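Spelled out, the chains give:
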Amino acid sequence: HVEVGSPGTIVSALLDGQVDLGIAFSLSPHPELRQVAVAHFPVGAVVRPDHPLAALRTVAVEDCVACRLILPTRTLSLYRVMEPMLRPWQDRLDVVLRTGSIELTNRMVQAGAGLAFQSPLALGTWPGSGLCHVPLRDTRAMTGLGAYVRDSRWLPPLLETVIGELRVELGRVQDMGEERMA
């Protein structure tokens, strides 16, 4: 059984024992949770192929803030990643939309409404998506996709097997992203 929710919802569901395993991007550390798997992905500008930044190998945050922006709301962990990088330009940002919906973000970028920030995995910008991911030149521009369990919980063998498979798959996807960056 799979449920989709915000990072806060995932933490609550784990702590309440409603779920056995939570998967989330850049979840804030919690004393009652243990991270059992993780993969790291670069955060970048997500643009249409005809956008001027699409031809670049990497891009600086200051180049992005000159464009119309589609930004994450506080409900997404990406907000915590991007907020410190965007803070110096806060009064000059041309924000077209703030949303907690990755799907809406994708659609707005595809429609040419502006650029967004995300990992290539979260926005489905692997080959064939029709969007370009241009990594940000900032050491803070990384996000982790992690799997979490309650720290005090005994993990049944089947859940340990699922976690093992998840570790392998996260490693494979992370390696695929690193190969594309090289």
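Criteria and cut-off values
Residues numbered from 1 in each chain as written. Predicted model: local features only at pLDDT ≥ 70, side-chain atom pairs only at ≥ 80, totals over all residues. Heavy atoms only, no water. Buried < 20%, exposed > 50% of the residue type's maximum accessible area, 1.4 Å probe, protein only. Helix = DSSP H or I, 4+ residues; strand = E, 2+ residues; numbered from the N terminus. Arc of directions from axis to C-beta. Contact = heavy atoms within 4.5 Å. Core = buried A, V, L, I, M, F, W, Y, C linked by side-chain atoms within 4.5 Å. Polar contact = N/O pair within 3.5 Å; in protein donor to acceptor, adjacent residues only side chain to side chain. Pairing = 2+ DSSP bridges. Axes fitted to C-alpha atoms, helices over the stretch in contact; angles between N-to-C directions.

Help me out: how do you make sense of helix 1 (residues 7-15) in this one?
All of the buried residues in helix 1 are P7, I10, V11, A13 and L14. Looking down the long axis of helix 1, one finds its buried residues gathered within 165° of arc, a one-sided arrangement. In the core, the buried residues of helix 1 are packed alongside strand 1 (22-25), strand 2 (33-42) and strand 8 (142-150).

When you look at the nonpolar core in this model, what are you seeing that I'm missing?
Generally speaking, soluble globular proteins have nonpolar side chains that are buried together. The biggest cluster of nonpolar side chains holds 24 residues, and the ones touching the most others in it are V43, C64, M82, L86, L115, F117 and L136. Among the elements of the structure, strand 3 (44-47), helix 2 (61-64), strand 4 (68-72), helix 3 (78-86) and strand 6 (115-118) are those that each provide at least two residues to this core. It is helix 3 that contributes the most residues to this core, 5 residues altogether.

How do you make sense of the side chain of H133 when you look at a structure like this?
Examined against the element boundaries, H133 turns out to sit in strand 7 (residues 132-135). Accessibility expressed as a relative area gives 16% for H133, which makes it buried. Within the structure, H133 has its side chain in polar contact with the backbone nitrogen of G44 (distance 3.1 Å).

Looking at this structure, I do not really get the environment of Q90. What am I missing?
Looking at the element boundaries, Q90 is found in the loop between helix 3 and strand 5 (94-99). With a relative accessible area of 39%, Q90 lands in the partly exposed category. It is 9.2 Å that separates the C-alpha atoms of Q90 and V65, two residues lying 25 residues apart in sequence.

Would you mind showing me how to read the sheet that holds strand 4 here?
Sheets are built from strands that pair by backbone hydrogen bonding, the pairs being arranged parallel or antiparallel. Taken in spatial order, the 5 strands of this open sheet run 5-4-6-3-7, and their pairing is mixed. Both edges of this open sheet fall to strand 5 and strand 7, since each of them pairs with a single strand only. Strand-to-strand twist of the sheet, defined as the mean angle between neighbouring strand axes without regard to direction, takes the value 30°. As paired strands, strand 3 and strand 6 are joined by 3 bridges and run antiparallel to one another. Residue pairing for strand 6: G44 is matched across the bridge by Q118.

Can you help me understand the sheet that holds strand 8 in this one?
Taken together, the 3 strands give an open sheet; going across it, the order is 1-8-2, and neighbouring strands pair in antiparallel fashion. The two strands at the open ends of the sheet, each matched to only one other strand, are strand 1 and strand 2. Direction aside, the axes of adjacent strands within the sheet are offset by 20° on average.

Help me out: how do you make sense of helix 4 (residues 102-110) in this one?
Count 3.6 residues to each turn of an α-helix, and residues three or four apart come out pointing the same way. By the burial criterion, the buried members of helix 4 are T105, N106 and V109. Across the axial projection of helix 4, the buried residues extend over an arc of 100°, all falling on one side. In the core, the buried residues of helix 4 are packed alongside strand 3, strand 4, strand 5 and strand 6. Just downstream of helix 4, G112 is the residue with a positive phi angle, here 85°.

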